Amino acid sequence: VTFDRKNPWVAIFLPATNGEIVDVKDGLRLEVRSTDDAGLASIEIYIDDVLHTTFTNKFYFDEYFNVSQISGTDHTIKVKVIDKTGKVSQAIRDVKFDRSAPTLDITTPKNGEVVDVGLNSLRINLVAGDDLGVKVVRVYLDGNEVITEGSNFNINRSIPLGNQYLGANHRIKYEVQDNSNKKTIQEWDFKMDRTYPWVQVSSPSSDIAVDSSITLLTFTGTTGDDTGVSEIQILVDNNVKKTITPT
């Protein structure tokens, strides 16, 4: 005869703390350990006092459980262990289920945008959000981390540009991480514009005399810019006579 005087022992190792925000996109990860000197009969897992799973052949595990049919954010996990003489112990953890990834609303720079950096600084403007809170926002420019923000997620900031950012073509990466460590990442290419466009008119020359009765005047010239020309205007006496869109 074996006398059983002690209740079984059970502990929840994951989720680790009460109030923890847990990512349940791929299921609820639950790590449980239990033991009893006289042997265990079963473990019951409850979510919000509703029986979810019963085990009779394993008493310590680290597994993912399907919670896709359980709505809402705030939940209570209860693990009840029963030994072979019917004595019961339980462990409880209150958690928040996080199903959605954080959001990024980027104003500038955007994909393919040409950004004026004439003062040798790049303005970065974005808003990050999450229904259960954002942990950190990081921004990388050409692989270099230029912003790390852990409190203000409405970011409107000018970044000084060193010599490593010369040239027109650049790549920016935005990364937001929420309180359950889910991430949203957006990465794209854009252009920096530091200089004004240039123009050179070869005809008519500045000292040519033009017959006042002429109705058609032909201009010949060349223009350019390191990030491209979007529009050319021809003015006579400060009045726009023709607008050309380069092809």
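As the structure is a computational prediction, the values presented were derived from the model and not from experiment. (Residues numbered from 1 in each chain as written. Predicted model: local features only at pLDDT ≥ 70, side-chain atom pairs only at ≥ 80, totals over all residues. Heavy atoms only, no water.)

Omega for the peptide link from L14 to P15 comes to 0°, which places this bond in the cis form. Along the polypeptide, P15 turns up in the loop between β1 (9-14) and β2 (20-23). The omega angle of the peptide bond from T108 to P109 is -5°, so this bond is cis rather than trans. By the element assignment, P109 lies in the loop between β9 (103-108) and β10 (114-116). Its identity is not glycine, yet D142 carries a phi of approximately 50°, on the positive side. As for its position among the elements, D142 is in the loop between β12 (134-141) and β13 (144-149). Taking the relative accessible area as the measure of exposure, D142 reaches 30% and is therefore partly exposed. (Helix = DSSP H or I, 4+ residues; strand = E, 2+ residues; numbered from the N terminus. Buried < 20%, exposed > 50% of the residue type's maximum accessible area, 1.4 Å probe, protein only.)

Moving on, we get to the sheet that holds strand β5 (residues 50-55). Pairing in this open sheet of five strands is mixed, and the strands run β2-β8-β7-β4-β5 from one edge to the other. Single-partner strands in this sheet number two, and they are β2 and β5. Neighbour to neighbour, the strand axes of the sheet diverge by 35° on average, direction disregarded. Both strand β4 (residues 40-47) and β5 contribute to a ladder of five bridges, which runs antiparallel. Considered in β5, the bridge of I47 is made with V50. (Pairing = 2+ DSSP bridges. Axes fitted to C-alpha atoms, helices over the stretch in contact; angles between N-to-C directions.)

Let's shift gears to the environment of G27. Note that G27 resides in the loop between β2 and β3 (28-35). Distance from G27 to I155, taken between C-alpha atoms, is 33 Å for residues 128 residues apart in sequence. Sequence-distant contacts of G27, defined by excluding residues within four places in its chain, comprise Y64 and F65. (Contact = heavy atoms within 4.5 Å.)

Moving on: the pairing of strand β8 (residues 88-98). Where β2 lies against β8, four bridges are found, and the strand directions are parallel. For V22, the partnering residue across the bridge sits in β8 and is F97. Alignment of strand β7 (residues 74-83) against β8, held across nine bridges, turns out to be antiparallel. Within β8, the residue paired with H75 across the bridge is V95. In this antiparallel pair of consecutive strands, β7 and β8, the connection spans four residues, and G86 shows a positive phi of 90°.

Our focus in this paragraph is the packing of aromatic side chains. For any two aromatic rings, the description comes down to two numbers: the centre-to-centre distance and the angle of the planes. One pass over the full model with this rule turns up four aromatic pairs. Seen in terms of ring centroids, Y174 and W188 are 6.0 Å apart; in terms of plane orientation they differ by 70°. Their pairing is edge-to-face. Of this pair, Y174 sits in strand β15 (residues 169-178) while W188 sits in strand β16 (residues 183-193), and the two are 14 residues apart along the sequence. There is no split in this pair, since Y174 and W188 are both buried. Following the ring pairs from residue to residue traces out a cluster consisting of F55, F61 and F65. (Phe/Tyr/Trp six-rings, centres within 6.5 Å; stacked < 30°, edge-to-face > 60°.)

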